[in-house]
Amino acid sequence: QVQFVESGGGLVQPGGSLRLSCAASGSSFSIYNMGWYRQAPGKGRELVADITTSGSANYADSVKGRFTISRDNAKNIMYLQMNSLKPEDTAVYYCNYVGVSWKNYNYWGQGTQVTVSS
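Peer 1: Sorry if this is basic, but what is going on with the nonpolar core here?
Peer 2: Across soluble globular proteins, you tend to see nonpolar side chains buried next to one another. Core analysis: the largest hydrophobic core is formed by 28 residues, its most contacted members being Phe4, Trp36, Met78, Leu80, Met82 and Tyr93. Contributing elements (two or more residues each) for this core: β3 (18-25), β4 (34-39), β5 (46-51), β7 (67-72), β8 (77-82), β9 (91-97) and β10 (112-116).

Peer 1: Just to check I follow, could you spell out the side chain of Asp89 for this structure?
Peer 2: Looking at where Asp89 falls in the secondary structure, it is placed in the loop between β8 and β9. At 2.8 Å, the side chain of Asp89 forms a polar contact with the backbone nitrogen of Lys86. Not counting residues within four places of it along the chain, the set of residues in contact with Asp89 comprises Arg38, Val63, Arg66, Phe67, Ser84, Val114 and Val116.

Peer 1: In this structure, what is going on with the sheet that holds β9? I would like to understand it.
Peer 2: In any sheet, the strands associate via hydrogen bonds between backbone groups, in a parallel or an antiparallel arrangement. Read across the open sheet, the six strands follow the order β2-β10-β9-β4-β5-β6; overall the sheet is mixed. Looking at strand neighbours, the two that pair on one side only are β2 (10-12) and β6 (57-59), the edges of this open sheet. Strand-to-strand twist across the sheet, computed as the mean angle between neighbouring axes with direction ignored, equals 25°. With three bridges joining them, β9 and β10 adopt antiparallel strand pairing. The partner of Val92 across the bridge, within β10, is Gln113.

Peer 1: For this particular structure, what's the right way to read the state of the cysteines?
Peer 2: Put plainly, two cysteines are in a disulfide when a covalent bond ties their sulfur atoms together. If you walk through the whole model with that rule in mind, you get one disulfide. Between the sulfur of Cys22 and that of Cys95 lies a disulfide, 1.9 Å long from S to S. With the S-S bond torsion at 70°, the cross-link from Cys22 to Cys95 turns out right-handed. Taken together, the residues span a long stretch of sequence, with Cys22 in strand β3 and Cys95 in strand β9 at a distance of 73 residues. An identical accessibility class is assigned to Cys22 and Cys95; each is buried.

Reading the values: rules and limits
- Residues numbered from 1 in each chain as written.
- Predicted model: local features only at pLDDT ≥ 70, side-chain atom pairs only at ≥ 80, totals over all residues.
- Heavy atoms only, no water.
- Core = buried A, V, L, I, M, F, W, Y, C linked by side-chain atoms within 4.5 Å.
- Buried < 20%, exposed > 50% of the residue type's maximum accessible area, 1.4 Å probe, protein only.
- Helix = DSSP H or I, 4+ residues; strand = E, 2+ residues; numbered from the N terminus.
- Polar contact = N/O pair within 3.5 Å; in protein donor to acceptor, adjacent residues only side chain to side chain.
- Contact = heavy atoms within 4.5 Å.
- Pairing = 2+ DSSP bridges.
- Axes fitted to C-alpha atoms, helices over the stretch in contact; angles between N-to-C directions.
- Disulfide = S-S within 2.5 Å.

Purely geometric stuff here, so don't read any function into it on its own.
Structure below.
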């Protein structure tokens, strides 16, 4: 009965920054590898960043050097710091597990909208 709640999105100009938060309830957050996904209009979800239980991070090439994923296991919260935002970053951002079989698990929160526009 895990529930993910994403927040922190909004409208920002190109080059601006946002910090997204993901709060998890109904689970022990610290024992799972986690990630941030995004879905732009007309496109499928893509994994943009992931972080292991110990804090090792990976990034999609499109966001590498601009985004930073982190987690606070004590607070059961995961973050995505987004800097130097580009219009192509516009999407709904979701948090979820990483490395699972989606045919066995396919539950998503509402996501948070990030819009990068002048």
